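# Descriptive structure summary
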Amino acid sequence: MTVVALKQVTTGRNGVGAFILQCKKMDFHYCDWAGSSKGMNGFIKSILPKFAAAHPQIEFTVSPRPSKHPVIIGHYINGREKAICVRNLEPLQILKKVELLRDASGEKLRRVTKPVQSINESVRGVWSPYHGNGIQV
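Here's what I pulled together on the structure shown here.

So, how was this worked out
- Residues numbered from 1 in each chain as written.
- Predicted model: local features only at pLDDT ≥ 70, side-chain atom pairs only at ≥ 80, totals over all residues.
- Heavy atoms only, no water.
- Salt bridge = Lys/Arg side-chain N within 4 Å of Asp/Glu carboxyl O.
- Buried < 20%, exposed > 50% of the residue type's maximum accessible area, 1.4 Å probe, protein only.
- Helix = DSSP H or I, 4+ residues; strand = E, 2+ residues; numbered from the N terminus.
- Contact = heavy atoms within 4.5 Å.

Another point: the pattern of salt bridges. For side chains of opposite charge, pairing can occur when their charged atoms come near one another. As enumerated under the stated definition, the model contains two salt bridges in all. Salt-bridge contacts for Asp-27 lead to Lys-25; the nearest nitrogen and oxygen are separated by 3.9 Å. Asp-27 sits in the buried class, given a relative accessible area of 10%. Linking Arg-102 and Asp-103 is a salt bridge whose minimum nitrogen-to-oxygen distance equals 2.8 Å. Take Asp-103: its relative accessible area is 54%, and that puts it in the exposed class.

If you want it as structure tokens, here you go:
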């Protein structure tokens, strides 16, 4: 028996071939004067440089917004953006929100009716214990 190579390689779907981070840019807006930006100022000075060095594929911009609450805006490759207000939060809580924006897909939140979403429908169909000839009823 000889071994024959596959004639066609399967095409990658759903991002299986290579992982592409969906978040492409993050904007950090803060106020130097307001007390609600105290945690954001601490985050920008201490945690953000390490986080930005660990994620070179994301563009980070920091800009002041006088007399406004601090906001983090995530821009995604599908064109959408998500904004989270981080007023009166501690720097570690802000890090959790930044990680949430980083890991988000940019899609709108919607109810999941099927646990698996696929382009292809099931080849086998719906399974039932009454199929086949193994069970006597």
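Read on for the rest.
Another aspect to go through is the environment of Pro-91. Structurally, Pro-91 is set in helix 3 (residues 91–103). Counting along the chain gives 43 residues from Pro-91 to Leu-48, while the straight-line C-alpha distance between them is 9.6 Å. Ignoring any residue separated from it by four or fewer positions in sequence, one finds Pro-91 in contact with Gly-39, Gly-42, Phe-43 and Ile-47.

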